[in-house]
Amino acid sequence: MQKYTYHCHTNTLGIYDGCNSADEMISQAESLGFTEIGISNHLICHPKIGYINKIQSMYFRDYKEAEDVYKRTVEEIRTASLKYKIKVLVGFEVDYFHDAEWCRFFEHLKNTLGADYYIGSSHFIYNRDYTNILKIAYLKHHPEFIDEEMRRDGLIMHWSNIKNCVASGYFDFIAHMDQIKSKGFCGDSEWEDKKYEVIEALSKGKTGVELSTKGLRKGDEMYPAEWIVKELNKHNVPIVISDDAHQIEQLGYKFDIAESLLEKLDYKNRFKF
Ligand SMILES: [Zn+2]
Ligand SMILES: [Zn+2]
């Protein structure tokens with residue numbers, strides 16, 4: 001059984017969407033007998049991020065302001081880790097944006113923050129030129145933010161963005177590849193061509209992928225779907241089980257089910273730092 005997680009969230013600096021402090025998460029990981037824990041709060045910064053109605057504090061439109069917060073985040077978690085024996089890594093779950101200015105910003109962060117790792121992710125839909133960036137949830141619950149162009153291009157760009165996120169080579173692994181299905185979009189038999197493009201990008205590079213049990217908290221299927229995990233195994237893509245825990249009770253959540261699937265598929269290449 002995998003006894004570590006690299007994808008979980010805290011309430012560090014009072015700005016992120018985790019329910020517990022880094023101290024509490026680390027302590028819980030020790031109690032579970034984990035050998036290590038990686039804490040990966042959200043790194044979400046882009047000048048064109050549109051209306052956000054939840055946890056506004058962790059979305060940034062100003063690169064300088066964001067950089068300062070991320071530096072303090074790393075420091076605070078490193079300080080908390082000193083009290084514990086367990087190995088603690090500090091990472092970020094990063095929303096990737098495929099434009100030159102954002103890439104310059106992120107490369108600068110990678111050179112200066114001193115974090116241990118980065119997870120690539122995509123929680124948004126986009127128009128073609130990235131001048132409008134909206135949370136996926138708006139497609140369903142806030143149609144007033146979505147014009148015709150956005151409705152047409154948003155999902156296509158969402159998948160292109162994940163593919164480009166992989167191809168960038170910036171990330172150690174990518175998060176919850178088909179999480180969008182939990183919002184009612186791009187379910188299992190749909191968008192296969194776009195999903196194959198992501199699988200192909202993963203097969204060509206060194207970026208790993210997570211098998212997230214968060215899907216079992218939101219529905220009855222992990223992220224990604226079993227057929228995708230099979231394809232990833234064929235291409236020898238490194239895989240890591242994640243809980244995407246936002247509170248201590250979610251650490252290691254249903255890892256036994258994820259392990260059983262990987263065992264059933266005889267999945268060979270397991271990701272570990
Ligand atoms: Zn996420
Ligand atoms: Zn997450």
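Preceding this paragraph is the structure being described.
Residues numbered from 1 in each chain as written. Chains lettered and ligands numbered in written order. Predicted model: local features only at pLDDT ≥ 70, side-chain atom pairs only at ≥ 80, totals over all residues.

This part covers the pairing of strand β5 (residues 117–121). When you tally the buried positions in β5, you get four out of five residues, the bulk of the element. Bridge count between strand β4 (residues 87–95) and β5: five bridges; the pairing is parallel. Looking at β5, one finds that Gly91 is bridged to Tyr117. Note: β5 against strand β8 (residues 173–174), two bridges, orientation parallel. (Buried ≥ 20, exposed ≤ 12 C-beta atoms within 10 Å, placed from the backbone. Helix = DSSP H or I, 4+ residues; strand = E, 2+ residues; numbered from the N terminus. Pairing = 2+ DSSP bridges.)

In terms of nonpolar packing, the biggest core is built from 67 residues, with Met25, Ile125, Ile174, Val209 and Leu232 touching the most fellow members. Excluding its chain neighbours within four sequence positions, the residues that come into contact with Ile174 are Ile119, Gly120, Ser121, Ile162, Cys165, Val166, Thr207 and Val209. (Core = buried A, V, L, I, M, F, W, Y, C linked by C-beta atoms within 7 Å. Contact = placed C-beta atoms within 7 Å.)

Counting through the fold element by element, Glu231 comes out in helix α8 (residues 226–234). Judged by the 19 C-beta atoms lying within 10 Å of it, Glu231 is partly exposed. Placed 32 residues apart in sequence, Glu231 and Ile199 show a C-alpha to C-alpha distance of 7.4 Å.

A cis geometry characterises the amide bond from Tyr223 onward to Pro224, with omega recorded as -5 degrees. Position of Pro224 relative to the elements: it lies in the loop between α7 (214–218) and α8. Its identity is not glycine, yet Trp191 carries a phi of approximately 60 degrees, on the positive side. On the secondary structure map, Trp191 appears in the loop between β8 and α6 (192–204). Of note in the backbone geometry, Lys254 takes a positive phi value of approximately 50 degrees without being a glycine.

This brings us to the packing of α6 against α8. Remark: α6 packs on α8, axes separated minimally by 10 Å, with the N-to-C direction vectors making an angle of 30 degrees. Between α6 and α8, the angle is such that the two are roughly parallel. Helix-helix and strand crossings are classified by hand; for α6 and α8 the assignment is right-handed. Facing Lys195, Ile199 and Leu202 of α6, the residues of α8 in contact are Ile228, Glu231 and Leu232. Looking at the contact of α6 with α8 residue by residue, the class counts come to four nonpolar, no polar and two charged. (Axes fitted to C-alpha atoms, helices over the stretch in contact; angles between N-to-C directions. Parallel < 35°, antiparallel > 145°, perpendicular 65-115°, else oblique. Left-handed = near helix turned anticlockwise from the far one by under 90°. Nonpolar A, V, L, I, M, F, W, Y, C, P; charged D, E, K, R; others polar.)

On to the pairing of β4, then. For a regular strand, side chains alternate in direction, first toward one face of the sheet and then toward the other. Counting buried residues in β4 gives seven out of nine residues, a clear majority hidden from the surface. The sheet contact formed by strand β2 (residues 36–45) and β4 spans eight bridges and is parallel. Note on β4: the bridge partner recorded for Glu36 is Lys87. This β-α-β element, β4 to helix α3 (residues 100–112) to β5, shows right-handed connectivity. (Right-handed = clockwise from strand over helix to strand, strands pointing away.)

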